[in-house]
Amino acid sequence: EEAITGDFALVKAWKADERGNLVWKGTARNFNPDCARAGKICIAEVEEIVPVGELSPEEIHLPGIYVQRVVKGNSYEKRIEKRTISTGSGEIKVDPRRELIIKRAAQELTDGMYVNLGIGMPTLVSNYTKPGVRIELQSENGLLGIGPYPAEADVDPDLINAGKETITMIPGSSTFSSSDS
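Residues numbered from 1 in each chain as written. Predicted model: local features only at pLDDT ≥ 70, side-chain atom pairs only at ≥ 80, totals over all residues. Heavy atoms only, no water.

Mapped onto the elements, P57 comes out in the loop between strand 3 (39-50) and strand 4 (69-72). Among the residues examined, P57 registers a relative accessible area of 64% and is labelled exposed. (Helix = DSSP H or I, 4+ residues; strand = E, 2+ residues; numbered from the N terminus. Buried < 20%, exposed > 50% of the residue type's maximum accessible area, 1.4 Å probe, protein only.)

See the structure below:
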């Protein structure tokens, strides 16, 4: 089967150097590297363009060979679709009928599991695990080690889950492309 090749690939990245090497921040990498490689011509909009050599080779997510044009975005705005914040109390307000389903699903989780909870109601399952059960949460947009919802002061538009909710990372987390997810 022949792959689809687009004429243009338009991607957003956090930073680029003058050779077109790209770096993404947090979960914003998602499918961007794959999209960039799928087009005949890749145009990357970035927040910052730095001189060649300023980026360490180890931090580059996509080599410049795949990028034909780099544009610094003016008035760069990152929109947050679902601003989810922690009140600090740990209390969650859930419809009692939905809570029954969530609690039942939580009974299936055992200590040490790596769990992708999807979007919507399943994302609440981790709040109902049994005491002593530690699970590692993963999101399809490229994060292993999802933490709780952030406090208002810690909201980062580059850290969202697959349901577009703001999240945090726990110590030992890792980010990667969605195609690796």
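Structure's up, so let's keep going.
For the rest of this paragraph, the subject is the layout of surface pockets. In this model, the second largest pocket occupies a volume close to 580 Å³. Together, 24 residues line the second largest pocket, and A28, N30, R79, P157 and I160 are the ones closest to its centre. No other element matches the three residues that strand 1 (residues 6-17) contributes to the lining of the second largest pocket. A breakdown of the residues in the lining of the second largest pocket according to their chemical character gives nine nonpolar, five polar and ten charged. (1 Å grid on protein atoms, 1.4 Å probe; cavity = no way out; pocket = protein on both sides within 12 Å on 5 of 7 lines; lining within 4 Å. Points joined across faces, edges and corners; volume = space filled by probe spheres on them. Nonpolar A, V, L, I, M, F, W, Y, C, P; charged D, E, K, R; others polar.)

Turning our eyes to something else, we now look at the pairing of strand 6 (residues 136-139). By the alternation rule, side chains of strand 6 split into E136 and Q138 and L137 and S139, which are all buried. Where strand 5 (residues 114-116) lies against strand 6, three bridges are found, and the strand directions are parallel. Bridge assignment links N116 to a residue of strand 6, and that residue is Q138. In this structure, strand 6 lies alongside strand 7 (residues 143-146), joined through two bridges in antiparallel fashion. Bridged to S139 within strand 7 is L143. (Pairing = 2+ DSSP bridges.)

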